[in-house]
Amino acid sequence: MFFEQVIGQKDTQERLLQLVREERLPHALMLCGPAGCGKLALAIGFAKVLLAGNGQQPSANTMAMLDKLEHPDLHFTYPTIKLPSMSSEHKPVSDDFAREWHELITAGPYFTMAQWLEQMGGENQQAIITAGESDALIRKLSLKSSQGGYKVSIVWLPERMNIECANKILKLLEEPPHQTVFIMVCQEPDRLLETIRSRVQRIDVRRIDDNDIRQALMERRGLSEDQAQRISRMANGNWLAALEMLGADSENDYFLQLFQTLMRQAYLRNVKGMKAWSEQMATLGRERQKRFLEYFLRLVRENFMYNFQQSVGETSPAAHDAKELCYMTQNEEDFARNFARFINEANILPITDLATRCIRDIGQNANAKIVFFDMALQMIILLIQK
């Protein structure tokens, strides 16, 4: 009843419910896992379980509040941005964007940081959780539960806390308010303070089973079995990726065009064209730039597997295994037929390292135009390695 929006993940649901049944509920949980696996959906479902009240039948009023995610003892913390209308002294907090958050999350608990940034109106900014948010959360949780039960604080992407906020949250975890449960929804736990990680019970959420995605696509999106099977295989356990493939204006199509342009200009050694490409990349905004680089890494890997398949012969057992591990759309495969031969054992690791460094540099606010122009220049040398 409470996990109805979760795609698959029955094992994790049962593990969470078992904590309640056996009265082993910790004061702080951290759900970790890759994008699109349903961490936030699980956190919301489990919060509903706790707020519904100790296994008793909840009242109609309680259920109505939970359905609308407007329960007074349910608190959300999430990364925010600073709008031009805010004063220079103001530290943005979740309450500044409560309406935007509620609109997005009631539409469904599966969304990306890019969608959240768009909802806030700051696609070109990097969202963080400020020290002001920790102060606001301390004030909220110091109040008594309005319903006499648990208070639940869901923290979406705690790895985006700045250091001042992280230290304050650490103190809150060390001395939690009475009957308060923290549920952190984390995608990159290594970015969190070690002291915070040591004070939460970590639950790793796996990628969604392909069959669960296939079933959800048929039941929730009305796809045929063949369509659902193809998309679920491509999604690789990521419900967000499955939804992206259904979009008419798929971002992946745009990223494929950028990938093709880079590789063609690098092959032709067209420095002027690569400069224009890097300038185009610089206009995308940092979050979208990082998503492109992640797409770049995936497509390089797929082309390497495609090249291996061709080099060993399509009829060999090894080629069959490589084909099973190759996940590309039809457009990507059409490009790979001619391009894949340039991705081989000699350059796959250097290219991967290059893209990984670019992700790091963009995340550290390096000049995007310089980062991408340097990347393009290095691709000239890497593509000729055999």
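The notes below deal with the structure included here. (Residues numbered from 1 in each chain as written. Predicted model: local features only at pLDDT ≥ 70, side-chain atom pairs only at ≥ 80, totals over all residues. Heavy atoms only, no water.)

1. Description of the overall build of the protein
Here's step 1: Scanning the protein for helices and strands turns up 18 helices and 5 strands.
Here's step 2: Against the 2.2 N^0.38 benchmark of 21 Å for 386 residues, the protein shows a C-alpha radius of gyration of 23 Å, consistent with a compact globule.
Here's step 3: A principal-axis box enclosing the C-alpha atoms of the protein has dimensions of 70 × 50 × 35 Å.
Here's step 4: Looking at the protein as a whole, 50% of its 386 residues are labelled buried.
Here's step 5: Excluding contacts between residues fewer than 6 apart, the proportion of contacts in the protein whose partners are at least 24 apart in sequence is 75%.
Here's step 6: When the accessible surface of the protein is totalled, it reaches about 19100 Å², and 48% of it is carbon and sulfur.
Here's step 7: Taking the 45 positively charged and 49 negatively charged side chains of the protein as two groups, their mean positions are separated by 4 Å. (Helix = DSSP H or I, 4+ residues; strand = E, 2+ residues; numbered from the N terminus. Rg over C-alpha atoms; globule rule 2.2 N^0.38 Å. Buried < 20%, exposed > 50% of the residue type's maximum accessible area, 1.4 Å probe, protein only. Contact = heavy atoms within 4.5 Å. Areas by Shrake-Rupley, 256 points an atom, 1.4 Å probe, with all protein chains shown as cover. Lys, Arg positive; Asp, Glu negative; His and termini not counted. Charge placed at Lys NZ, Arg CZ, Asp CG, Glu CD.)

2. A look at empty space enclosed by the protein
Here's step 1: With the rule as written, the count across this model stands at 1 cavity of 30 Å³ or more.
Here's step 2: Estimated volume of the largest cavity: approximately 40 Å³.
Here's step 3: Phe 2, Phe 3, Glu 4, Gln 5, Ala 41, Ile 44, Gly 45, Lys 48 and Pro 109 together form the lining of the largest cavity.
Here's step 4: Of the residues in the lining of the largest cavity, the class split is 5 nonpolar, 2 polar and 2 charged. (1 Å grid on protein atoms, 1.4 Å probe; cavity = no way out; pocket = protein on both sides within 12 Å on 5 of 7 lines; lining within 4 Å. Points joined across faces, edges and corners; volume = space filled by probe spheres on them. Nonpolar A, V, L, I, M, F, W, Y, C, P; charged D, E, K, R; others polar.)

3. A few points about the nonpolar core
Here's step 1: Leu 40, Trp 101, Trp 116, Ile 154, Trp 156, Ile 183 and Trp 239 are the most contacted members of the largest nonpolar core, which totals 59 residues.
Here's step 2: Ranked by residues supplied to this core, first place goes to helix α2 (residues 39-52) with 11 residues.
Here's step 3: With residues up to four places along the chain from it excluded, the contact list for Trp 116 reads Tyr 78, Pro 79, Phe 97, Glu 100, Trp 101, Leu 104 and Trp 156.
Here's step 4: The next biggest cluster of nonpolar side chains, apart from the first, holds 42 residues, and it includes Phe 292, Phe 342, Cys 358 and Met 375. (Core = buried A, V, L, I, M, F, W, Y, C linked by side-chain atoms within 4.5 Å.)

4. Some details on helix α13 (residues 271-282)
Here's step 1: Its 12 residues give α13 an end-to-end C-alpha distance of 16 Å, which sits within 8% of 16 Å, the value for a rise of 1.5 Å per residue.
Here's step 2: Turning to α13, its buried residues number three or more, namely Gly 273, Met 274, Trp 277, Ser 278 and Met 281. On an axial view of α13, the arc spanned by its buried residues comes to 140°, and they lie on one face.
Here's step 3: At the N-terminal boundary of α13, the capping side chain belongs to Asn 270, with an oxygen 3.3 Å from the backbone nitrogen of Lys 272. (Expected span 1.5 Å × (residues − 1). Arc of directions from axis to C-beta. Polar contact = N/O pair within 3.5 Å; in protein donor to acceptor, adjacent residues only side chain to side chain.)

5. Let's talk about helix α5 (residues 113-120)
Here's step 1: Within α5, burial applies to Met 113, Ala 114, Trp 116, Leu 117 and Met 120. Each buried residue of α5 lies within a common arc of 160° when the element is viewed along its axis, so the set occupies one face.

6. Some remarks on the packing of aromatic side chains
What characterises a pair of aromatic rings is the spacing of the ring centres plus the angle enclosed by the ring planes.
Here's step 1: In the structure shown here, the tally under the stated rule is 19 aromatic pairs.
Here's step 2: Plain terms: the ring middles of Phe 255 and Phe 292 are 5.7 Å apart, the flat faces sit at 70° to each other, and that makes the pair edge-to-face. Linking Phe 255 in helix α12 (residues 251-268) with Phe 292 in helix α14 (residues 286-312), this pair joins segments that are 37 residues apart in sequence. For the pair Phe 255 and Phe 292, a shared accessibility class is recorded, and that class is buried.
Here's step 3: An angle of 85° between the planes, with centres 6.2 Å apart, marks the rings of Phe 259 and Phe 335 as edge-to-face. One end of the pair, Phe 259, is in helix α12; the other, Phe 335, is in helix α16 (residues 330-339), and 76 residues separate them in sequence. Per residue, the accessibility class of Phe 259 equals that of Phe 335, and both read buried.
Here's step 4: Three or more aromatic residues link up through ring pairs in this structure, and these residues are Tyr 254, Phe 255, Phe 259, Tyr 267, Trp 277, Phe 292, Tyr 295, Phe 296, Phe 335, Phe 339, Phe 342 and Phe 372. (Phe/Tyr/Trp six-rings, centres within 6.5 Å; stacked < 30°, edge-to-face > 60°.)

7. Re the environment of Pro 34
Here's step 1: Along the chain, Pro 34 turns up in the loop between β1 (28-32) and α2.
Here's step 2: When its relative accessible area of 24% is taken as the criterion, Pro 34 is described as partly exposed.
Here's step 3: With 170 residues separating them in the primary sequence, Pro 34 and Asp 204 have C-alpha atoms 9.3 Å apart.
Here's step 4: Filtering out sequence-adjacent residues up to four positions away, Pro 34 remains in contact with Lys 39, Val 205 and Arg 207.

8. A short note on the pattern of salt bridges
Here's step 1: Applying the stated criterion across every chain, the model contains 22 salt bridges.
Here's step 2: Of the charged contacts in the structure, one is a salt bridge between Lys 91 and Glu 164, with a shortest N-O distance of 3.7 Å. Taken together, the positions of Lys 91 in the loop between β2 (74-77) and α4 (98-107) and Glu 164 in helix α7 (residues 163-174) put the pair 73 residues apart, joining distant regions of the chain.
Here's step 3: Looking at Lys 91, the relative accessible area reads 39%, which means it is partly exposed. (Salt bridge = Lys/Arg side-chain N within 4 Å of Asp/Glu carboxyl O.)

Treat this as a map of the structure, not an account of what it does.
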